[in-house]
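Residues per chain are reported as follows:
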Amino acid sequence: MSGVRVASLKGRLHLLVDQLAIDVEEASDGRFGPDPQSAFDHWADFTEWMSTVRVDDSVATSYLASDLDTPISRPPQIFAIGLNYADHAAESKMTLPEHPVVFTKFASSLTGADVEVALSGERVDWEAELVVVIGEAGRDIPVERAWDHVAGLAVGQDLSDRAVQTRGNPAQFSLGKSFKGYAPVGPVTPLSQLPSASDRDALAIKCVLEEADGTSRTLQEGSSADMVFSISEIIHRLSTTVEFRPGDLIFTGTPSGVGIGRDPQEFLRAGQVLTTEIEGLGSITQRMI
Ligand code: ZN
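The model shown is predicted, which means the values in this text are computed figures rather than measured ones.

The rules behind each value
- Residues numbered from 1 in each chain as written.
- Predicted model: local features only at pLDDT ≥ 70, side-chain atom pairs only at ≥ 80, totals over all residues.
- Heavy atoms only, no water.
- Pairing = 2+ DSSP bridges.
- Helix = DSSP H or I, 4+ residues; strand = E, 2+ residues; numbered from the N terminus.
- Phe/Tyr/Trp six-rings, centres within 6.5 Å; stacked < 30°, edge-to-face > 60°.
- Buried < 20%, exposed > 50% of the residue type's maximum accessible area, 1.4 Å probe, protein only.
- Polar contact = N/O pair within 3.5 Å; in protein donor to acceptor, adjacent residues only side chain to side chain.
- Contact = heavy atoms within 4.5 Å.

### Regarding the pairing of strand 19 (residues 273-278)
- Here strand 16 (residues 204-210) runs beside strand 19; their pairing, made up of 6 bridges, is antiparallel. Paired with cysteine 207 across the bridge in strand 19 is threonine 276.
- With 6 bridges joining them, strand 19 and strand 20 (residues 282-288) adopt antiparallel strand pairing. Within the sheet, the bridge partner assigned to leucine 274 lies in strand 20 and is glutamine 286.
- Counting the residues that bridge the hairpin from strand 19 to strand 20 gives 3 residues, and of these glycine 280 lies at a positive phi of roughly 80°.

Here is the structure:
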């Protein structure tokens, strides 16, 4: 079976295939429980089972994207990387970092794939991001083994209240990026479901804004191939300090085209709809209120 994604639908672990959802506890006769996060705690067993599932074997039902929750609601850790694309560092008037710039988005900001987001102020910005989900624990992970620790990839948004993010000296990023709903994450595409291993380091990333009157513009268009620190480099470098755990999330940074880097600057307003799309991983949508 190909094109399978791992999701939380109304709080229960599901596989999504061709617009249909399969309840994992039912389809596995209880071998796997309903808690979405548990899939990542037993990732090798889970993916092995997943490869045996047939859509007609099980109770596959249609579903609404608005019923998708965040696939992982209690990640042990959430890492986010700043200034990880040269063109975005330049538009932010920052020099390229020598070491990954790391902050967190607190877990209570996680939300599902198709949601309303209440804007926290006048300077809320978009950041389309590829999110890595860790499937195997480890410390001091060599670059060449880093992908072995990855369960899958997902589409995310690092919504950022620039006023809060940049206040104070030194400024600290994490709170301004952790308002309610500011960390939407879509269903997880297991690595085995990507077309080929070479694609996982070069995925097209796009972000489109639709106005209340229905007109739309592409705001960001990039490729994960342009990361300053590649996914394996991020995992390697962070793991020299921290231990990665199953279910950890890494927001890997955003390409250029954010609102604060524009002339004139531009920020999100109520009524706008933001869609973030990554090649092979699907898309997520937030309606601003
Ligand atoms: Zn970001």
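So much for the structure itself; the text now carries on.
### Observations concerning the packing of aromatic side chains
- The full count for this structure, using the stated rule, is 8 aromatic pairs.
- Ring plane angle 65° and centroid distance 5.4 Å describe the contact between phenylalanine 103 and phenylalanine 173, whose orientation is recorded as edge-to-face. Of the two residues, phenylalanine 103 is situated in strand 7 (residues 101-103) and phenylalanine 173 in the loop between helix 5 (162-165) and strand 14 (183-184); the sequence distance between them amounts to 70 residues.
- Exposure remark for phenylalanine 173: the relative accessible area of 25% places this residue in the partly exposed category.
- Clustering of aromatic rings is evident, with ring pairs tying together Phe32, Phe40, Trp43, Phe46 and Trp49.

### Examining the side chain of glutamate 127
- Within the element layout of this structure, glutamate 127 appears in the loop between strand 10 (124-125) and strand 11 (128-134).
- A polar contact of 3.4 Å, which involves the side chain of glutamate 127, links it to the side chain of lysine 177.
- In contact with glutamate 127, not counting residues within four places along its chain, are His88, Gly156, Gln157, Asp158, Ser160, Arg162, Lys177, Gln220, Thr254 and Val258.

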